[in-house]
Amino acid sequence: MPYSTGCRTPLSNFEANLNYKDVPDPEVMVAFPLVGDPHGAAVVAWTTTPWTLPSNLALCVNASFTYVKVRSRATGLTYVVAESRLSELPVEKSKSDVPNGSVNDSQKTKSKTKGSSVGKTKDVVDSGSYELLEKIPGSSLVGMRYEPLFDYFMEFTDVAFRVVADNYVTDDSGTGIVHCAPAFGEDDYRVCIENQIITKGENLIVAVDDDGCFTEKITDFSGRYVKDADKDIIKAVKAKGRLVKPPGSFNHSYPFCWRSDTPLIYRAVPSWFVAVEKLKDQLLENNKQTYWVPDYVKEKRFHNWLENARDWAVSRTRFWGTPLPVWISADGEEKIVMDSIEKLENLSGTKVTDLHRHNIDHITIPSTRGPEFGVLRRVEDVFDCWFESGSMPYAYIHYPFENAELFEKNFPGHFVAEGLDQTRGWFYTLMVLSTALFGKPAFRSLICNGLVLAEDGKKMSKRLKNYPSPMEVINEYGADALRLYIINSPVVRAEPLRFKKDGVYGVVKDVFLPWYNAYRFLVQNAKRLEVEGLPPFHPIDQATLRKSSNVLDQWINSATQSLVHFVRQEMDAYRLYTVVPYLLKFLDNLTNIYVRFNRKRLKGRTGEDDGRMALSTLYHVLLTSCKAMAPFTPFFTEVLYQNMRKVCDGWEESVHYCSFPQEEGKGGERIETSVARMMTIIDLARNIRERHNKPLKTPLREMVVVHPDTEFLDDIAGKLREYVLEELNIRSIIPCNDSLKYASLRAEPDFSVLGKRLGKSMGIVAKEVKSMSQEDILAFEKAEEVTIATHCLKVTDIKVVREFKRPENMTDKQIDAAGDGDVLVILDLRPDNSLFEAGVAREVVNRIQKLRKKAALEPTDAVEVYFKSLDKDPSILLQVLRSQEFYIREVLGSPLLPSTMIPAHAVILCEESFHGISKLAFVIYLTRPALMFNLDSVLALYAENENYARGLQTYLLSRDHYNLKSEFNLGNGKIKVDCIESQPAVEVVLGEHVFLTVGDYYLSTRTG
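Below is a short write-up of the structure.

Procedures and definitions
- Residues numbered from 1 in each chain as written.
- Predicted model: local features only at pLDDT ≥ 70, side-chain atom pairs only at ≥ 80, totals over all residues.
- Heavy atoms only, no water.
- Pairing = 2+ DSSP bridges.
- Helix = DSSP H or I, 4+ residues; strand = E, 2+ residues; numbered from the N terminus.
- Salt bridge = Lys/Arg side-chain N within 4 Å of Asp/Glu carboxyl O.
- Buried < 20%, exposed > 50% of the residue type's maximum accessible area, 1.4 Å probe, protein only.
- Phe/Tyr/Trp six-rings, centres within 6.5 Å; stacked < 30°, edge-to-face > 60°.
- Lys NZ or Arg CZ within 6 Å of the ring centre and 35° of its normal.
- Axes fitted to C-alpha atoms, helices over the stretch in contact; angles between N-to-C directions.
- Contact = heavy atoms within 4.5 Å.

1. Concerning the sheet that holds strand S1 (residues 2-4)
Next, step 1: Spatially, 3 strands are ordered S2-S1-S12 in an open sheet, and the strand pairing comes out antiparallel. Edge positions in the open sheet fall to strand S2 (9-10) and strand S12 (264-266), since each of these has one partner strand only.
Next, step 2: Examined bridge by bridge, S1 and S12 share 3 bridges and lie antiparallel to one another. Across the sheet, the residue bridging to Tyr-3 is Ile-265, located in S12.

2. A look at the pattern of salt bridges
Next, step 1: Taken as a whole, this structure holds 54 salt bridges when the rule is applied.
Next, step 2: The closest approach of N and O atoms between Glu-134 and Lys-69, which form a salt bridge, is 3.1 Å. Placement of the pair is Glu-134 in strand S8 (residues 130-137) and Lys-69 in strand S6 (residues 66-72), with a sequence separation of 65 residues.
Next, step 3: A relative accessible area of 32% places Glu-134 in the partly exposed class.
Next, step 4: Residue Lys-69 is classed as buried on the basis of its relative accessible area of 3%.
Next, step 5: The partner of Arg-369 in a salt bridge is Glu-334, with the nearest N and O atoms 3.2 Å apart.

3. Brief notes about the packing of aromatic side chains
Next, step 1: Within the structure shown, the criterion is met by 40 aromatic pairs.
Next, step 2: A ring pair is formed by Phe-914 and Phe-922, whose centres lie 5.7 Å apart and whose planes are at 40°; its orientation type is tilted. For the pair Phe-914 and Phe-922, one class covers both residues: buried.
Next, step 3: Within the aromatic cluster, the residues linked to one another by ring pairs are Trp-292, Phe-302, Trp-426, Phe-427 and Phe-443.
Next, step 4: Over the ring of Phe-256 we find Lys-21, and its NZ or CZ is 4.7 Å from the ring centre.
Next, step 5: Lying across the ring of Tyr-577, Arg-493 places its NZ or CZ 5.6 Å from the centre.

4. Overview of the sheet that holds strand S5 (residues 58-61)
Next, step 1: Judged by pairing direction, the sheet is mixed, and its 3 strands sit side by side in the order S9-S5-S10 without closing on themselves. Looking at the sheet topology across the chains shown, the edges are occupied by strand S9 (162-165) and strand S10 (178-180). Taking the axes of each pair of neighbouring strands and ignoring which way they run, one obtains an average angle of 35° across the sheet.
Next, step 2: Pairing analysis gives 4 bridges linking S5 to S9, with the strands arranged parallel. Note on S9: the bridge partner recorded for Leu-59 is Val-163.
Next, step 3: Each of S5, S9 and S10 is contacted by helix H3 (residues 186-194), which is oriented at about 75° to S10, the strand it contacts most.

Written as C-alpha cells, this is what we have:
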C-alpha cells in the first residue's frame, strides 16, 4: 500500500494521488548471475529504488519477449537482457575487429527521456561491443535460479531467488527484467504469491519499519532511512561487482504525502480487508440497476473498475478515526467483532460513553477459552475514512439502532452527485458496502461531474493563483450567473471545464439581462396604468388568458407550457446541461418575439382591456419561468417573485416555497411551429435586405413565401400576417405552396450523418441521392423517408437545397431570395415612389426615439413631440407626415405636432435638428405635456369676465399635471374649482374647457 513514513500510516490510493512532484531518483543496472549457466551469464535488472534491492526475492521477465545472451568484447562479462533493450547496456570500446555473429544494428533501440537510460537519445550500441551468443524466449528463462545480491533472506532459498514471468513487465524502459521485492511493490507482491515464493495471509518479512528505516534484519544498513541509504547500497552493489554500469539520474513524477510532504513508499502492511473479490459478480449486477448521467461513466469507467476490483484494505495506522471494532487474543486465535455498544459493554463489563480510541483502547474482554488464555484487546488500527463515507446512507441516521422504517422506505437513495474522480472513491465504497450489507446498490441515480480547471487547462492552484477568486466573480456577476455558467458547461457531462470569467459575464449578458428587461417592461407598463389614472394592475386569471384570441398570447402560453414540460422531463432524467440552452431560446423568444411584437398592446395602444390581457399574459409567463428556474437561479428568481407577488393575495412568501409548476392544458404545437417558421422567414428576409443594403426603415412592396405546408401558409397570410408586415416593413405577403414555381430542388447526402453508418456503401448511396429528380425529392419530403440501395434514409440524412429561379426579365438587384430547409423567401427589391412617404415616417420616428433616449426619458415618461421643417418647401414634409399620421401616432402614442402649436408655458426638454433624412431637414422638440384651453368656453364659464378666465388658467397651470389628470379621472372628466379667491366656483369639463395635452386639443380639432 502507499505508505507515509512522515505520518507512519498507509494511505488510500486516493490520498496517494493528491501530491505528485517531479523529482530525480537514482537508476541502476544490477547483475544477477544465473546458477549453472555454461557461459557464466548474469541476468540484468533495472531499478529506480535501490533501497528495495536488499529485499529482493525474485526476478520477473515477460514470457512473450525475446531475450538475448551477449558477451562484452571489452570485459568478457555475459549478460541477459530483452532483445529490444540491448541498447541500454554500457558501450565498451573493443580492440578487436567486429566478428561474424555480432549484434546487428536492427537490434538496437533509441530512447527518449532526458537524463535517463529510459529513453535517453544516444548512438546505437557499437556492434563491436557485444558478441551475440544466443536468443532465448522469455518462457525459457522461467525457473532459472540466480545468486542473491545480499544474504539477508537466505531462509527463502528453497522457494526464492529464481526467474518468474508476468505480463506487467514491459520493454519501454529498463532491461525488460524487473527485480521483485514483495514487501515493497503491489505487482511484486502479487507475482511472488502466484509463484509460491510467499504465501498470502502469512507474515511477510518487511525489512523497513514504520518510520521508513531499515530494521535489524538488514544488518549493514540498520536504522538508516531508506531514501538516505540509496547511495551506500549502490556502493555495496558496486563492491560486489554487480553494478553493470555507473548509476544515472531518472527524472519522474513521484507521489508525496499530502500531509507531511515526505516521499511515499510502497510497503506491505498488515491490514484488515473487505473481501471485495468475492462480491465482484454481485457488484457488476448491482451497477446495472443504477442510472448514471452521463451513462458512459457507468458503462465504461466504473464497470471496468468493478471488473478489476481488488480486496479493499480498510485499516489505517492512525490515532484519530473510527476505531476498528475488532478484539483479538494475543495468539490471534480468538477474534470478536463488536456490532453494538451494548455487546461491548456486556462482554467487557465496562460502561462505554465515547467510541474514540482513548476511551476504548483500554477495554479488554476475557477469553471464552479460560483465564489462562488471557484477554482480548482491540486491534490498534482505525477505519479508512472512505469506509465511513461509504457508510453514509445508513450511518447518518444511526441505522439499524434507530430510524429503521425511515431507512428501509428510502433506500437506495434517489440520487448522489460528485466528481468523476469518485468513481474510484465514494461511488465505489458506496456500492461495495451496500452490496455487502444489503445485496443492492446504495443509490438509484447518480450525477457525475467533471473537474473545473484553470483557463490554461491546468489544475487550479492556490500557489500559482491561476484562477479568479470565487468571491470576486460572485461580487461582480452574482452567484446565479456563476451557477448557471457551470450548469451549462461540459463539467456536468463529466468532462473538464476550463473556467473563464468572461463566460460568467456571457451568462449575465445573454440570460439575465434579457430576462430582466422583459420583467422591467412589465413593471413599467403596469405602473403606466396608474400614471394614466387607470385602475392599478391586477393579473387576469390564467383560465381566462388561455381563451385569448391573440395569436402571440396563444403562442407564448404554449411555449411556457413547453418550457415547464421540458424542464420537468430533463430534471427527471437528471440532465442539467440541456436546460440552460432551452431557457436561452425561451427568453430570446419572450423578449424578441412576444414583447417586441406586442409593444403596442403592452403599452395600451390597442385599448385598455387588450393591454391588460397582454400584461397579464407576460406576468404569468414571467411568474411561471421564475418558478421553473428557481432551483437554477435562486436569488434572481426570488427578487422577481417578491415584486410580482405584491399584486396578488395569498401567495407563498418565497418562490422557493412554491410547488414546481405543472403543465396546464395541451400545448399548441402548431402555433409554436408556425411562429418558429415565421421567425425563420423574418431572418431570411433580413438577410436579403442586408445583402442589398436595404435597411428595415425602407419599405418594400412584396414578399413571396414558398412552403409545402398549407396550414403554415394560412397562418402566415392570416393571424401572423400583421407581425410579419410590420417587422419587415413590407406591404404585402403572397403565400405559395408550389415548391417548383420559384425554385429548383437538389438533394445532397449528409456525409457527417451517413458516413459512419453506411461505410463502403456511402459512395453508391451518395451518387443515387444526388441524381434524385424534382419529383423524387418532393415525394421524399412528403413521405419523410426513401430507400436507396437497400438503405432507408430519413429527413435527417438528406439535405434538400432550394435554388431560386429568378424571372427572366428581372435582375438580382430587383428580386432576390433566401432559403432554409423547406422554406424559400423572395423579396421584390424594386424602388416604388408610393413607398417614399412610409419610409420618411419611419426615419422620423427613429430620430424621435433616439432623442428620447438622449434626454434620458423612461418609457413611462409622457412627452409631446413637435416638428419644424427646415426645407425651402416645408409642404413636402408636412404632406408626408399628414399621410403617415396614423402610423406615427400609433408608434409614439401621441400625434406629431407642428412647432407653431408649442404653448408659451410649455417646458422644452430637448431639441435637435436633422439633415439629409431622405433629402429632408427638420427640427424635433420634446416638451412636457402642457394644458390647452378653449378660451371661448372658459370665458363662457364666467359670463365673459376675462379676469376670472385668466385666474382659472393661472390656477390650473400651477397644478401638478399628474394630480390634475387623476382628479379629472376620478370626477369622470369633471372637476369643481372653488378655491380661487374672489372668484365664483365653476365646474371645469375636460375636453370642453381644458385639454390635458396639446395633442388632445389637436385631435379634437381634427375630429371636429
